[in-house]
Structure formats: structure tokens, C-alpha cells
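Structural description and commentary
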Amino acid sequence: QTCALPISGWPSALQAAEGHLMVGTSRTIGYGSNVHVVNVAAAPVLVKSLTPRGQIQDKFKMNIVHGAVVTVSLDWQNWSNRQTWVETFPLEGSAVTTLSAIELLSARNEQLHATRFDGDRLYVVTFRNTDPLFIVDIADPSALVLSGELEVPGWSTYLEPLGNRLLAVGVEAGRVTVSLFDVTDVTAPTLLSRLPLGADGTYSWSEANYDEKAVEYLPDQGVVMVPFQTWNWGAGGGQKAIQIVNVGADVLTAGSTINHSFNPRRGSWI
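Below is a summary of the structure that appears in this document. (Residues numbered from 1 in each chain as written. Predicted model: local features only at pLDDT ≥ 70, side-chain atom pairs only at ≥ 80, totals over all residues. Heavy atoms only, no water.)

Here the focus is the sheet that holds strand β15 (residues 175-182). One open sheet accounts for 4 strands, arranged β13-β14-β15-β16; its pairing is antiparallel. The sheet terminates laterally at β13 (155-162) and β16 (190-196), the two strands that pair on one side only. This sheet shows a mean twist of 20° between the axes of neighbouring strands, independent of strand direction. Bridge count between β13 and strand β14 (residues 165-172): 7 bridges; the pairing is antiparallel. Each bridged residue has a counterpart across the sheet, and for Ser156 the counterpart in β14 is Gly170. (Pairing = 2+ DSSP bridges. Helix = DSSP H or I, 4+ residues; strand = E, 2+ residues; numbered from the N terminus. Axes fitted to C-alpha atoms, helices over the stretch in contact; angles between N-to-C directions.)

Here it is, written out as C-alpha cells:
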């Protein structure tokens with residue numbers, strides 16, 4: 001039997017966790033997003049609708065942790081007034097008010113980029129002139145804690161937690177990058193290694209910077225595959241390829257570069 005559950009607003013994100021769907025939609029009045037929590041154990045039932053302070057940009061910015069809905073949103077009315085908020089809401093009961101909320105103050109007036117949940121940790125990346133990587137402790141949803149942050153050049157668009165390491169795909173100085181962070185000490189994360197894609201002196205870009213499905217991390221092989229294209233403004237022409245990057249414990253090294261005559265979009269292992 002097919003069941004339909006109407007939800008108002010323009011859909012912006014969809015995430016599943018703990019037997020629930022979280023549907024992010026644009027607000028019908030005013031700026032920002034609503035998050036509709038739907039129980040899908042049987043016929044879909046709308047549990048509650050929540051109102052984070054800002055806009056939910058993608059599926060990585062919603063989750064259910066320890067019986068609470070956690071959101072990461074960007075609250076901005078103009079380019080000179082932007083705030084990044086992490087908020088928690090109770091999953092059970094009728095209450096829709098926040099349990100805890102923290103603004104990432106170092107990210108004031110910055111753009112919100114990659115986020116990723118990993119157990120009791122939440123990783124958040126913002127960018128304006130530098131790339132702050134924030135680690136938020138969400139073990140107690142009623143008392144969020146900003147554990148640590150790190151500022152490095154560029155910004156990350158995709159994050160892959162690897163225990164005490166964090167793998168990232170991003171951009172720095174006009175080039176696609178793959179980075180490896182040490183997050184063993186959540187109060188003092190460090191950048192271990194960064195590998196730009198494409199030859200020196202070229203600009204590069206990648207579908208992986210806006211679609212996580214273009215990133216193929218293969219833990220058994222210890223590699224990540226990232227498609228990219230380049231352009232050399234002086235010489236003209238460019239490269240269309242998939243880069244294989246070897247992911248070591250502390251360092252990233254370039255593996256094979258698989259060149260194509262067209263723009264490759266995905267890589268895998270057979």
C-alpha cells in the first residue's frame with residue numbers, strides 16, 4: 001500500500017537516521033529552513049516540525065544522535081551578516097524548542113561548507129579567507145561543546161571520518177585538493193598532509209567539490225579516487241582525469257592518474 005504525507009515548502013535536503021526521515025524544506029514565510037521529522041517504521045507519520053535558526057543546505061547537516069535531532073544551519077540576511085549554528089532538538093515528546101545551541105563564533109560572516117557526523121563528534125568547515133575546521137562534541141545533546149578548531153588555507157567540501165584521521169576533498173588557491181587531518185586530540189586538530197590535483201601552474205576543478213558521489217574512498221585498498229579537470233591559462237588546453245590518491249596513516253601520496261579524452265565523473269575498483 002502506498003501512503004502519501006504532504007509536507008509544505010520547497011525540499012532542500014533529506015536524511016535518514018534511527019528509523020526516521022528528516023526532510024529539510026524552505027520556510028513558507030521568511031528566510032531559512034524547517035526540518036520535518038517523519039517516523040517511517042510503518043506508514044509515514046509526521047512526528048514534529050522544527051525550526052533551526054538558519055538554512056539547512058544539504059543532507060550532511062541533519063542527524064539524530066542520542067535521542068535528539070542535531071542540525072547545522074547558516075543564518076544570514078546578507079553577505080555581511082552570516083552565522084553558523086549547531087542546534088539540538090528533542091526527538092520524543094511534543095516540544096520543538098532547542099535543547100542546546102552554539103554559534104561557531106570564529107565562523108561569523110563566513111560561508112558554511114562541509115559537515116560530517118561521526119559518533120559523538122560533529123565536524124564543520126566554513127570559509128572566508130581561511131578554512132576553520134571545527135569539532136563539536138555532541139555526546140550530550142543538551143550541552144553542546146565546541147571542542148577545538150583549526151585554521152588552514154582553502155576550504156573543504158567533503159569530509160570522510162577515519163577514526164583519529166579525517167580525510168577531506170576541497171579547494172585551495174584555485175586547485176582541487178585532498179587533505180588528511182589528525183583529529184586524535186579534539187582540542188587541537190592538525191593538518192597532516194595536503195595534495196593538490198593537476199600540474200603545477202594550472203587551475204583545477206572537480207565535480208567532487210559539489211557532489212559527494214564523485215568521491216570514491218576505498219578503505220580496503222587505502223586509496224581515494226577523485227575526478228578533476230585542469231586549465232592552463234597561458235598554454236591553453238587542459239587535463240581530464242581521475243586521480244588515485246594513496247591514503248597513509250600520516251601522509252597522502254599521488255598514485256596513478258587515469259587520463260581521458262572526456263570528463264570522467266566516477267571511479268571504482270573491480
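Resuming the write-up.
Moving on: the packing of aromatic side chains. Taken as a whole and assessed by the stated rule, the structure comprises 2 aromatic pairs. Between Tyr31 and Trp76 the ring centres are 6.0 Å apart and the planes differ by 75°, which places this aromatic pair in the edge-to-face class. Taken as a pair, Tyr31 in the loop between β2 (20-26) and β3 (33-39) and Trp76 in strand β6 (residues 68-78) lie far apart in primary sequence, 45 residues in all. The partly exposed category is assigned to Tyr31, whose relative accessible area is 28%. Ring geometry for Phe127 versus Trp155: centroids 4.4 Å apart, planes at 40°, classification tilted. (Phe/Tyr/Trp six-rings, centres within 6.5 Å; stacked < 30°, edge-to-face > 60°. Buried < 20%, exposed > 50% of the residue type's maximum accessible area, 1.4 Å probe, protein only.)

Turning our eyes to something else, we now look at the nonpolar core. Counting residues in hydrophobic clusters, the biggest one holds 18 residues, and the most contacted among them are Val178, Val224 and Leu252. With residues up to four places along the chain from it excluded, the contact list for Val178 reads Leu167, Ala168, Ser193, Arg194, Leu195, Leu197, Val224, Val226, Val245 and Leu252. Residues Val65, Val70, Leu112 and Val124 belong to the second largest nonpolar core, which totals 16 residues. (Core = buried A, V, L, I, M, F, W, Y, C linked by side-chain atoms within 4.5 Å. Contact = heavy atoms within 4.5 Å.)

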